[in-house]
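Descriptive structure summary
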2 protein chains.
Amino acid sequence: MSLAPWRGVVARALHRNRSTADRRYLQLATVRPGGTPANRTVVFRGFQEGTNRLMIVTDRRSEKIPDLRQCPHAEICWYFPKTREQVRLRGPVQVIEAEAPDDALAQARLRAWQALSEASQRPFLGPPPGTPVETPADASLAPTAHPPATFCLVLLDPVWVDHLELRPTPQARTRYERQADASWTQQAVQP
Amino acid sequence: MSLAPWRGVVARALHRNRSTADRRYLQLATVRPGGTPANRTVVFRGFQEGTNRLMIVTDRRSEKIPDLRQCPHAEICWYFPKTREQVRLRGPVQVIEAEAPDDALAQARLRAWQALSEASQRPFLGPPPGTPVETPADASLAPTAHPPATFCLVLLDPVWVDHLELRPTPQARTRYERQADASWTQQAVQP
């Protein structure tokens, strides 16, 4: 596989926004089983090795999972405040659970778990997200080397990418679309 | 109408993040006519007077319009970087075009137009957003006192609000839901 042409856009934005703590936070939109949209902030965990797929992690008990089971497509909106640019990435999504379809994906899930801080691992061992708080969270839960069954790796494989730069005047916007032969087109569009 | 209980959350977040230039930027998720999600950054234009509805503005030629015609529901994800808190707001959406359904909405649309800077008004007078760039944008287009037909006011009326605070440890999350009698419930939930 070769790096998609928009990979340079993401790499540059991450680099130029390296002084902002939340540059890896992005918003992931999905469709809920009832057909209405959902949207939440997630953390970018890098690209799956040797691919153009973005990695995020989630709890199997979160609402993202039924959303993605029903409609396995998502759109990311990633805004970089320092450089005032937005990257939107849309495409199909694959959820990797404990029963991974192949060794490479099982390894990617394991590495994603091991790359988490203890504070980020802990919620996967606690009560389900979004449920009423009955008792305070147990901060003594001991993280493990192996991911629990609740831990999912989510891979988004972009087929459409839209890069908007607010800073130049007039603004600049470039759209990238993946073709059937896996090549990419690139076009300047109206902001 | 009375202020919903989550209005204090939004007001406090806007105030405490007043030093960050982009505190009024939020991500709006919709469902595209094909049933997949869309997500983009928009600017919060305040609440419609005397209501709990959030106002944003958009171009009638943007992709949001067919999305919202097909599925008049949206979810906002609003992340405040300084205070590290996220507010999600979901609910039905109404799009107000030149033919507004009543005087109050026509007035709200007019005021929203007049509140825009000239730089923000100009794209509504130019070529459609998202179309290929043929000629450079014409910076001489003269903004007008009255909104052009391309100018739409979008109102989101939240029925579900989720407030996540990343800063305390453990994190705190509160969910607000509107009931049939228009009252609101409020519940602490697992982050």
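Residues numbered from 1 in each chain as written. Chains lettered and ligands numbered in written order. Predicted model: local features only at pLDDT ≥ 70, side-chain atom pairs only at ≥ 80, totals over all residues. Heavy atoms only, no water.

**Brief notes about the side chain of Glu85(B)**
All names here are of chain B. This is how it is decided: Working definition: helices are DSSP H or I runs of at least four residues, strands are E runs of at least two. Numbering for both runs from the N terminus. Remark: exposure states derive from per-residue accessible area (1.4 Å probe, protein chains only) relative to the maximum for the residue type, with buried under 20%, exposed over 50%, and partly exposed in between. This count recognises Lys and Arg as positive and Asp and Glu as negative, with His and chain-terminal groups excluded. One speaks of a salt bridge when a side-chain nitrogen belonging to Lys or Arg is within 4 Å of a carboxyl oxygen belonging to Asp or Glu. What qualifies as a polar contact is a pair of N or O atoms within 3.5 Å, subject to a donor-acceptor requirement within protein and to the restriction that residues adjacent in sequence count only when both atoms come from side chains. Any two residues whose heavy atoms approach within 4.5 Å are treated as being in contact.
With respect to the secondary-structure elements, Glu 85 resides in strand β5 (residues 85–96). Summary of buried charges: Glu 85 has no salt-bridge partner, and the nearest side chain of opposite charge, Arg 16, is 4.2 Å away. At 2.7 Å, the side chain of Glu 85 forms a polar contact with the side chain of His 163. Residues contacting Glu 85, with those up to four places away along its chain left out, are Ala 13, Arg 16, Asn 17, Trp 78, Tyr 79, Phe 80, His 163, Leu 164 and Glu 165.

**Quick word on helix α1 (residues 7–16) of chain B**
Definition in use: An arc is given here, and it is the one of the directions from the helix axis to the C-beta atoms.
Listed in full, the buried residues belonging to α1(B) are Arg7(B), Val9(B), Val10(B), Ala13(B) and Leu14(B). End-on, the buried residues of α1(B) take up no more than an arc of 160°, which puts them together on one face.

**As for the packing of aromatic side chains**
Quick note on the threshold: A pair of Phe, Tyr and Trp rings is counted when the ring centres sit within 6.5 Å of each other, with Trp represented by its six-membered ring. The angle between the planes then sorts it: under 30 degrees is stacked, over 60 is edge-to-face, the rest tilted. Lysine and arginine charges are scored as sitting over a ring when NZ or CZ, respectively, is within 6 Å of the ring centre and within 35 degrees of the ring normal.
For the coordinates displayed, the defined rule picks out 18 aromatic pairs over all chains. Ring centres 4.9 Å apart and planes at 55° place the aromatic pair Phe44(B) and Trp78(B) in the tilted group. Placement of Phe44(B) in the loop between β2 (37–43) and β3 (54–59) and of Trp78(B) in strand β4 (residues 73–80) is noted, with a sequence separation of 34 residues between them. An aromatic cluster is present here, built from Trp6(A), Phe44(A), Phe47(A), Trp78(A), Phe80(A) and Trp184(A) joined pairwise through their rings. Note that Arg7(B) overlies the ring of Phe47(B), its terminal NZ or CZ placed 3.6 Å from the centroid. Positioned above the aromatic ring of Trp160(B), the side-chain terminus of Arg90(B) is 3.7 Å from the ring centre.

**Some details on the relation of the copies chain A and chain B**
This is how the line gets drawn: The least-squares superposition of copies is restricted to C-alpha atoms, and to residues with a pLDDT of at least 70 in both copies.
With an RMSD of 0.0 Å, the operation that places chain A on chain B is a rotation of 180° combined with a shift of 0.0 Å along the axis. Seen this way, the second copy is the image of the first under a two-fold rotation axis. Rotation axis and chain A: the residue whose C-alpha lies nearest the axis is Ala29(A), separated from it by 2.9 Å. Looking at the interface residues of chain A, 100% of them are also at the interface in chain B, so both copies use one shared face.

**A few points about the interface of chain A and chain B**
We count it as follows: By buried area we mean the combined loss of accessible area, with a 1.4 Å probe, across both parts when two parts are placed together.
Every contact between the two is made by 47 residues of chain A and, on the other side, 47 residues of chain B. Summed over both partners, the interface of chain A with chain B buries about 3500 Å², with 52% contributed by carbon and sulfur atoms. Among the residues chain A hides against chain B, the three largest losses belong to Pro37(A), Asn39(A) and Gln190(A). Together they make up 20% of the total. Linking chain A to chain B there are 2 salt bridges.

**Describing the confidence of the model for chain A**
Here is the rule: pLDDT is defined as a per-residue confidence score from the predictor, taking values between 0 and 100.
Scored by pLDDT, chain A comes out at a mean of 94, with 97% of its residues at no less than 70. Scored by ipTM, the complex comes to 0.96, with pTM at 0.96.

**Describing the side chain of Thr36(B)**
Residues and elements named next belong to chain B. Locating Thr 36 in the fold gives a position in the loop between β1 (25–31) and β2. Overall, Thr 36 belongs to the buried group, its relative accessible area being 15%. Within the structure, Thr 36 has its side chain in polar contact with the side chain of Arg 32 (distance 2.7 Å).

**So, the pairing of strand β1 (residues 25–31) of chain A**
Put simply, side chains in a regular strand alternate between the two faces of the sheet. Residues and elements named next belong to chain A. Here is the rule we go by: In this description, strands pair whenever DSSP reports at least two bridges between them.
Judged by how many residues are buried, β1 sits mostly within the fold: 7 of 7 residues are covered. Burial of β1 is two-sided: the residues Tyr 25, Gln 27, Ala 29 and Val 31 facing one way and the residues Leu 26, Leu 28 and Thr 30 facing the other way are all buried. As paired elements, β1 and strand β2 (residues 37–43) share 7 bridges and run antiparallel to each other. From the neighbouring strand, Ala 29 faces β2, where its bridge partner is Asn 39. Between β1 and β2, which follow one another and run antiparallel, lie 5 residues, and Gly 35 among them has a positive phi close to 95°. Bridge count for β1 against strand β4 (residues 73–80) is 3 bridges, and the pairing is antiparallel. Bridge pairing links Gln 27 to Cys 77 in β4.

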